[in-house]
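Structural features, examined
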Amino acid sequence: MQVDLYERIWMWAATVLIVLFIGAIMLTAGEEAIEPPSHVETIDPTTISTNPEFAKPTIVTRPDGSVVVPVVASMFAFAPDPIEVPAHVRVTFRITSTDVIHGFDVAGTNANAMVIPGYVSQFTMTFPTAGRYTITCNEFCGLLHHMMVGHLVVK
Ligand SMILES: [Cu+2]
């Protein structure tokens with residue numbers, strides 16, 4: 001089969017680009033420890049107001065010093081707000097939604113989860129630097145989505 005020189009160059013260029021892009025995805029996934037959601041826990045969103053963990057979300061310190069933070073996301077706020085956690089301690093966020101899909105993104109950190117009604121999104125991380133972080137909703141959730149901001153205070 002006869003392939004024109006320029007066509008062959010562009011085919012190889014496209015192949016090299018595809019390999020580069022896939023490599024960049026694999027590299028950043030490994031470097032940034034990006035992993036698919038692995039914690040699947042369901043909850044009836046209509047019973048959150050009577051749920052013992054989420055009705056009045058309270059930060060709990062376990063005997064080993066780690067902290068569990070239940071969070072309820074709803075149009076257009078996070079509860080509790082602000083969330084106060086200690087630095088250098090394992091913090092487990094357990095987040096659920098009462099209405100629509102929200103995001104839970106702690107700006108400037110690797111903390112980022114999608115919050116889906118009917119599910120509890122859970123992840124654990126440690127904050128090495130004390131400070132006040134902004135939590136934003138990064139899933140469009142309605143007219144006042146841009147106002148949906150919370151704060152995380154690491155002491
Ligand atoms: Cu939102």
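Now for a look at the structure at hand. (Residues numbered from 1 in each chain as written. Predicted model: local features only at pLDDT ≥ 70, side-chain atom pairs only at ≥ 80, totals over all residues. Heavy atoms only, no water.)

1. Notes on the overall build of the protein chain
Condition: Starting at the N terminus, helices and strands are each numbered in turn, a helix being any DSSP run of H or I of at least four residues and a strand any DSSP run of E of at least two. For a compact globule the rule gives 2.2 Å times the number of residues to the power 0.38, and the radius of gyration it is set against comes from C-alpha atoms. Exposure classes here rest on a 1.4 Å probe applied to the protein chains alone. A residue is buried below 20% of its type maximum, exposed above 50%, and partly exposed in between. Contacts were defined at the residue level, with two residues in contact if any of their heavy atoms lie within 4.5 Å. Per-residue accessibility takes into account occlusion by the displayed protein chains alone, with areas from the Shrake-Rupley method and a 1.4 Å probe.
Looking only at helices and strands, the protein chain has one helix and ten strands in total. Reading the secondary structure of the protein chain in the N-to-C direction produces α-β-β-β-β-β-β-β-β-β-β. In terms of overall dimensions, the protein chain is more spread out than a globule: its C-alpha atoms have a radius of gyration of 21 Å, far above the 15 Å expected for 155 residues. Across its three principal directions, the C-alpha atoms of the protein chain cover 70 × 35 × 30 Å. Across the 155 residues in the protein chain, those meeting the buried criterion constitute 34%. Taking contacts inside the protein chain between residues at least 6 apart in sequence as the whole, the part at least 24 apart equals 58%. With an accessible surface of roughly 9,800 Å², the protein chain has 64% of that area assigned to carbon and sulfur atoms.

2. Some words on the sheet that holds strand S6 (residues 102-106)
Quick reminder of the rule: Pairing between two strands is assigned when DSSP locates at least 2 bridges connecting them. For helices, the fitted line uses only the C-alpha atoms of the stretch in contact; every axis is such a line through C-alpha atoms, and the angle between N-to-C directions lies from 0 to 180 degrees.
Strand order in this open sheet of five strands is S4-S10-S9-S6-S7, and the pairing throughout is mixed. Since the sheet does not close on itself, it has two edges, and those belong to strand S4 (83-85) and strand S7 (112-115), each with one partner. Neighbour-to-neighbour, the strand axes of the sheet open up by a mean angle of 20 degrees, direction not taken into account.

3. Brief notes about the coordination of the copper ion
As a reminder, the rule being used: Donor atoms are limited to N, O and S found within 2.8 Å of the metal ion, a distance that becomes 3.2 Å for Na, K and Ca. With water left out, some sites might look partial. Here the metal geometry follows the donor angles, with tetrahedral for four donors whose angles all fall between 85 and 135 degrees, square planar for four and octahedral for six when opposite donors are more than 155 degrees apart and every other angle is between 65 and 115, and irregular for all the rest.
Protein coordination at the copper ion comes from Cys137 (SG), Glu139 (O), Cys141 (SG) and His145 (ND1), with a distance range of 2.0 to 2.8 Å. Each of the four donor atoms around the copper ion contributes to a set of angles spanning 78 to 131 degrees, which defines the coordination as irregular. On the primary sequence, the residues serving as donors to the copper ion are separated as C-x1-E-x1-C-x3-H.

4. Some points on the packing of aromatic side chains
We count it as follows: We call Phe, Tyr and Trp rings a pair once their centres come within 6.5 Å, taking the six-membered ring for Trp, and we label the pair stacked below 30 degrees between planes, edge-to-face above 60, and tilted otherwise.
Taken as a whole and assessed by the stated rule, the structure comprises six aromatic pairs. Both rings, one in Phe93 and one in Phe127, keep their centres 6.2 Å apart while their planes meet at 85 degrees; by these two values the pair is edge-to-face. Here Phe93 is found in strand S5 (residues 90-97), whereas its partner Phe127 is found in the loop between strand S8 (121-126) and strand S9 (131-136), with 34 residues between them in sequence. The burial state of Phe93 is the same as that of Phe127; both residues are buried. Through a chain of ring-to-ring contacts, three or more aromatic side chains come together here, namely Phe78, Phe93, Phe104, Phe123, Phe127 and Tyr133.

5. With respect to a nonpolar patch on the surface
Rules: Like-charged residues are merged into a patch within 9 Å and nonpolar side chains (Val, Leu, Ile, Met, Phe, Trp, Tyr) within 5 Å, provided each residue has over 30% relative accessible area and no salt bridge. We define a salt bridge as a side-chain nitrogen of Lys or Arg found within 4 Å of a carboxyl oxygen belonging to Asp or Glu.
A surface patch of nonpolar side chains, about 530 Å² in accessible area, is lined by Leu5, Tyr6, Ile9 and Trp10. By secondary structure assignment, the location of Trp10 is in helix H1 (residues 5-31).

6. A look at the nonpolar core
Which entries qualify depends on this criterion: Nonpolar core, defined: a set of buried Ala, Val, Leu, Ile, Met, Phe, Trp, Tyr and Cys residues in which side-chain atoms within 4.5 Å join the residues together.
Counting 27 residues, the largest nonpolar core has Val85, Phe93, Phe104, Phe127 and Leu152 as the members making the most contacts within it. Elements with a minimum of two residues in this core: strand S2 (67-74), S4, S5, S6, S7, S8, S9 and strand S10 (149-154). Broken down by element, the residue count for this core peaks at four residues, all from S2. Aside from chain neighbours lying at most four places away, what touches Val85 is Val67, Val69, Val91, Phe127, Leu152, Val153, Val154 and Lys155. Of all hydrophobic cores here, the second largest spans five residues; its members include Ile43, Phe54, Val72 and Val120.

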